[in-house]
Amino acid sequence: MTTTDLLANLNPQQQRAVTTVTGPVLVLAGPGSGKTRVLTHRIAYLIDEVGVDPLQILAVTFTNKAAREMRERLMALLGEAIAHDLTVGTFHSICARWLRRDIVHLGRERDFVIYDTDDQERLLKRVLRELNLNEKQHLPRAILSAISHAKNELVDPEEFARHARTYFDEIVARCYARYQALLYESNALDFDDLLGETVRLFSNYPAVLAEYHQRYRFLLVDEYQDTNRAQYLLVRALAERDRNLFVVGDEAQSIYAWRGADIRNILQFEHDYPDATVIMLEQNYRSTQAILDAAQALINASPQRKYAKRLWTTNGTGDQVVLYEAANDEDEAAFAVSEIMRLIAEGTARPGDCAIMYRMNAQSRLVEEALIQSHLPYQVIGGVRFYERKEVKDVLAYLRLVANPYDSVSLQRVINWPGRGIGERTVNELLVWATRLGVPLYQALSELADETTEYPFAARARNALLDFYRLIGEFHSLRQRMPLGELIDYLLMRIEAQATLYQEYEAEEAEDRWRNVQELRNAAINYANLPIEHQLAAFLEDIALVADTDTLDRNNDVVTCITLHQAKGLEFPYVFVLGVEEGLLPHSRSTNDRNQLEEERRLLYVGMTRAQRRLYLSYAAQRAMFGRVTVCSRSRFLADIPPTSLKLLRRRGYRAVTVSQTTMFNQRMLTPDHHDKRTTPLPLPRQAAFVPGQRVYHATFGEGIVVSSRLIEGDEEVTVRFADRERRLLASFARLQPLTDG
Ligand SMILES: Nc1ncnc2c1ncn2[C@@H]1O[C@H](COP(=O)(O)OP(=O)(O)OP(=O)(O)O)[C@@H](O)[C@H]1O
Ligand SMILES: [Mg+2]
């Protein structure tokens with residue numbers, strides 16, 4: 001693409017943002033005004049027109065998905081070779097890469113592992129046990145969230161302890177200190193450390209920072225309104241010398257305060273950089289005027305709104321925003337799905353054009369049930385994600401341990417999986433012993449090998465521990481010379497992973513889980529080109545950084561189910577925002593706090609402004625929440641949208657579309673590639689597994705009685721009466737367990 005083309009696709013303000021090459025630039029503008037587009041075009045302009053070396057450009061986005069999309073756009077603009085030399089990523093992924101290079105300056109090792117929330121929780125539970133604190137009373141999540149908050153503010157354990165005022169703070173202070181020590185001992189970093197350690201590296205080692213100044217001359221940051229203190233300091237340090245800092249954002253879309261994001265970072269940009277060029281964009285290219293009007297009314301009603309920005313568009317008025325009042329939550333999900341079916345049948349939309357958004361992950365279940373019944377292919381972003389499935393995490397724990405045997409959380413995770421006779425008591429003894437020796441668990445195991453050591457274990461336990469120790473040691477050295485794929489195969493064979501899964505689960509589920517493990521092994525293929533000794537580390541690094549939205553793949557023509565938080569920056573022709581109700585949106589936790597309440601408003605605003613062609617909002621008069629059916633009322637935010645902007649629809653008795661209709665649809669519209677794994681038609685089961693009158697158990701709904709059951713394509717549809725109401729469930733999905741009487 002030539003430069004003229006590059007600029008021809010931009011309006012004058014956008015052009016100015018692209019061509020103001022040096023010095024600090026802030027683009028402050030509403031949704032859909034082309035901020036992200038400007039950012040990518042600016043990179044292309046810097047390279048093509050200004051002659052900047054792509055290696056000198058650093059672009060930061062909020063999610064891995066956004067980073068990948070950006071890279072793809074840049075490839076289209078610049079060609080693959082040039083795009084390859086750019087540094088594009090999230091703060092976390094970029095920091096991880098830099099720390100792999102330079103963490104040694106901080107006296108730490110390069111082959112650290114990155115702990116995710118699950119690992120963090122395990123580690124904190126160990127801390128609680130050590131400190132004799134009860135985890136029922138001191139909720140691990142609350143403590144971790146306090147620690148995370150401190151880390152984002154760059155407050156270390158000592159400082160935290162000095163400022164602790166309340167009893168809770170005291171507890172957190174003690175946990176934080178020990179938690180950090182154990183992380184260190186395990187040669188592990190949590191997500192917050194990735195940022196915090198990089199900040200520390202830059203502020204304590206000016207010579208190192210100078211190298212980065214030399215390397216990165218142009219900085220670009222998307223979604224700047226959601227940066228936290230650590231990210232702010234990072235950007236500031238990196239931009240300190242050349243000051244070629246380009247940030248874009250929208251304070252009205254700031255929705256991550258709960259993770260430490262600080263709206264002041266964007267509001268005070270001009271204060272930090274008095275010579276900044278500030279550019280506003282006002283034309284929206286994404287949505288219809290009807291959608292914009294409704295969204296603007298909502299956001300302008302905020303008491304915190306400093307200056308109302310007007311967005312206009314030439315996209316035309318478009319259809320009115322639909323507000324659907326559902327009888328209950330099932331009806332709400334059925335409405336969205338049947339509406340999608342209708343749009344598809346009309347030929348107006350493809351599944352991939354549609355997104356269903358909600359406040360909480362738990363809301364996706366009913367939506368999924370409705371989608372399954374309709375045989376619509378879909379993906380859930382942020383549900384139980386691939387890398388969070390137990391069997392996948394178990395195998396990963398082995399691999400992480402093989403890479404870094406000091407990783408105590410992984411060690412504890414698999415020390416007795418598959419079962420090898422190391423009971424809970426032995427594990428506890430090992431923990432106590434290692435703590436007393438002041439060494440990581442793996443090193444404690446190595447002490448056992450020494451005949452002369454005194455140890456607290458019975459002979460049988462000792463042998464089992466030693467076997468495990470030798471297994472890890474063997475693979476630890478193998479990783480240097482065995483290609484990753486083979487290494488994984490060999491490991492799976494040695495631990496008898498497949499047989500173990502078949503022992504632990506029913507055949508069908510075991511097969512499913514085994515398939516997931518193999519899927520993980522398949523992912524290893526992508527690393528075959530690297531030198532053998534780097535393959536495992538690179539593989540683990542990428543997995544550790546996979547963020548929530550990463551599974552989102554727009555090439556698949558599937559309906560997207562996604563939380564409002566994760567929908568940031570994305571756009572879809574047809575958007576459904578579910579649960580616009582008091583208690584959900586605004587969330588019940590936020591209603592006592594003005595700031596939190598306004599953040600909820602912005603969240604709804606973000607959701608609404610994702611829509612390109614048509615927007616549906618809905619709420620239910622009744623909803624099953626936390627195991628109870630509650631009566632709900634529409635969100636207070638709806639009162640801020642003029643009734644003339646909304647088309648109200650009331651319950652018309654929506655039912656999920658029947659299977660026979662949709663089977664025809666599937667055959668007509670979709671090639672086999674488009675089938676989601678979960679919705680691919682399977683052969684009919686030959687016999688019903690459930691009979692009327694039978695007692696069954698469901699993990700969420702509890703006990704129930706089967707009313708009727710019928711075989712449908714690939715599955716069995718079971719109607720069950722639970723304590724609160726009757727539900728129609730698909731056997732393969734609902735995982736109903738038969739109960740025997742007595
Ligand atoms: N000048 C333009 N001409 C044509 N299309 C444009 C132009 N500017 C932006 N667009 C398109 O408008 C849509 C929204 O742009 P973009 O995603 O960059 O907005 P944004 O400001 O980053 O929004 P958000 O705040 O939601 O992240 C994109 O599809 C983009 O390609
Ligand atoms: Mg954007």
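Residues numbered from 1 in each chain as written. Chains lettered and ligands numbered in written order. Predicted model: local features only at pLDDT ≥ 70, side-chain atom pairs only at ≥ 80, totals over all residues.

## Some details on the overall build of the protein
For the protein, the count of helices and strands is 30 helices and 22 strands. Evaluated residue by residue, the protein yields a buried proportion of 42% over its 742 residues. Once local pairs closer than 6 in sequence are excluded, the contacts in the protein between residues at least 24 apart make up 75%. (Helix = DSSP H or I, 4+ residues; strand = E, 2+ residues; numbered from the N terminus. Buried ≥ 20, exposed ≤ 12 C-beta atoms within 10 Å, placed from the backbone. Contact = placed C-beta atoms within 7 Å.)

## Describing helix α28 (residues 594-608)
Its 15 residues place the ends of α28 21 Å apart at the C-alpha level, agreeing with the 21 Å of an ideal helix rising 1.5 Å per residue. All buried positions along α28 are accounted for by E598, E599, E600, R601, R602, L603, L604, Y605, V606, G607 and M608. Buried residues belonging to α28 abut α16 (289-300), β10 (354-358), β13 (572-577) and β14 (611-620). (Expected span 1.5 Å × (residues − 1).)

## Quick look at the pairing of strand β6 (residues 218-221)
Going residue by residue along β6, you find F218 and L220 tucked away on one face and L219 and V221 tucked away on the opposite face as well. The pairing of strand β2 (residues 57-61) with β6 spans four bridges and is parallel. Note that in β6 the partner of A59 across the bridge is L220. (Pairing = 2+ DSSP bridges.)

## Focus on the environment of L401
Turning to its location among the elements, L401 is positioned in helix α19 (residues 390-403). Sequence spacing of L401 and I255 is 146 residues, and the spatial spacing of their C-alpha atoms is 36 Å. Discounting chain neighbours no more than four positions away, the residues touching L401 are D407, S410, L411, V414 and I472.

## As for the sheet that holds strand β9 (residues 321-326)
One open sheet accounts for seven strands, arranged β11-β12-β10-β13-β14-β9-β17; its pairing is parallel. Every interior strand has two partners, whereas the edge strands, β11 (378-380) and β17 (646-650), have only one. Mean inter-strand twist for the sheet, computed between neighbouring axes without regard to direction, equals 20 degrees. Pairing analysis gives five bridges linking β13 to β14, with the strands arranged parallel. When the bridges of β14 are listed, F576 appears paired with Y616. (Axes fitted to C-alpha atoms, helices over the stretch in contact; angles between N-to-C directions.)

## What to know about the site of ligand 1
Every one of the 18 residues lining ligand 1 counts as a neighbour, but G34, K35, T36, R37 and Y285 are closest to it. In terms of residues, the shell around ligand 1 owes the most to one element, helix α3 (residues 35-48), which gives three residues. Within the shell around ligand 1, the residues separate by chemical class into four nonpolar, nine polar and five charged. (Near = placed C-beta within 6 Å. Nonpolar A, V, L, I, M, F, W, Y, C, P; charged D, E, K, R; others polar.)

## Describing helix α4 (residues 64-78)
Each turn of an α-helix holds 3.6 residues, which means side chains three or four residues apart point in the same direction. The terminal C-alpha atoms of α4 lie 20 Å apart, and with 15 residues this matches the ideal 21 Å at 1.5 Å per residue to within 8%. Buried within α4 we find N64, K65, A66, A67, M70, L74 and L78. Against α3, β2, α5 (80-84), β3 (87-90) and α6 (91-102) lie the buried residues of α4. One or two positions beyond α4, positive phi appears at G79, with a value near 90 degrees.

## Focus on the domain arrangement of the protein
According to the domain assignment, the protein consists of domain 1 (3-103 + 196-281), domain 2 (113-186), domain 3 (312-377 + 552-650), domain 4 (388-548) and domain 5 (694-738). The straight-line distance from the C-alpha centre of domain 2 to that of domain 3 is 36 Å. (Domains from an automatic or database assignment.)

## Description of the UniProt feature "domain: UvrD-like helicase ATP-binding" (unreviewed entry) in the protein
Look at the UniProt record and you will see "domain: UvrD-like helicase ATP-binding" (unreviewed entry) annotated at residues 8-288. Annotated as residues 8-288, this span is 54% helix and 12% strand, and its ends, taken at the C-alpha atoms, are 23 Å apart. (UniProt positions renumbered as here; feature names shortened; annotations may be inferred.)

## A closer look at unusual backbone geometry
Cis rather than trans, the peptide bond between W417 and P418 has omega equal to -10 degrees. Topologically, P418 is positioned in the loop between α20 (408-414) and α21 (424-437). A positive phi angle, near 55 degrees, is found at N187, a position not held by glycine. Structurally, the position occupied by N187 is in the loop between α10 (167-185) and β5 (188-190).

## Observations regarding the sheet that holds strand β7 (residues 245-249)
Judged by pairing direction, the sheet is parallel, and its six strands sit side by side in the order β3-β2-β6-β7-β1-β8 without closing on themselves. Unpaired on one side and paired on the other, β3 and β8 (277-281) mark the two borders of the sheet. On average, each strand axis in the sheet is tilted by 15 degrees relative to the strand beside it, whichever way the strands run. Against the sheet, α4 touches β2 and β3, its axis set at about 155 degrees to β3.

## Digging into the environment of A507
Relative to the helices and strands, A507 is located in helix α26 (residues 507-523). Sequence-wise, A507 and F160 are 347 residues apart; in three dimensions their C-alpha atoms are separated by 51 Å.

## Thoughts on the nonpolar core
Ranked by internal contacts, the top residues of the largest apolar core, which has 116 residues, are V27, I43, A59 and L219. Examining the composition of this core, we find that eight residues originate from one element, α19, more than from any other. Within the second largest apolar cluster, 70 residues are counted, among which are V337, M357, L376 and L564. (Core = buried A, V, L, I, M, F, W, Y, C linked by C-beta atoms within 7 Å.)

## As for the packing of helix α7 (residues 117-130) against α10
Viewed as axis vectors pointing N to C, α7 and α10 meet at an angle of 125 degrees, and their least axial separation amounts to 9 Å. By the angle between their directions, the pair α7 and α10 is classed as oblique. Seen along the crossing, α7 lies across α10 with a hand that is right-handed. Only C175, R178, Y179, L182 and L183 of α10 make contact with α7, whose side of the interface consists of L123, L124, R126, V127, L128 and E130. Looking at side-chain class alone, the contact of α7 with α10 contains eight nonpolar, no polar and three charged residues. (Parallel < 35°, antiparallel > 145°, perpendicular 65-115°, else oblique. Left-handed = near helix turned anticlockwise from the far one by under 90°.)

## With respect to the confidence of the model for the protein
In this model, the protein carries a mean pLDDT of 87, and residues with pLDDT of at least 70 account for 90%. In the model, residues 547-554 has pLDDT below 50 throughout and makes 20 contacts with residues more than four positions away in sequence or in other chains. Confidence drops under pLDDT 50 across residues 656-685; counting only partners more than four residues distant or on other chains, this segment forms 43 contacts. ipTM for the predicted complex: 0.99, alongside a pTM of 0.77. (pLDDT = per-residue confidence, 0-100.)

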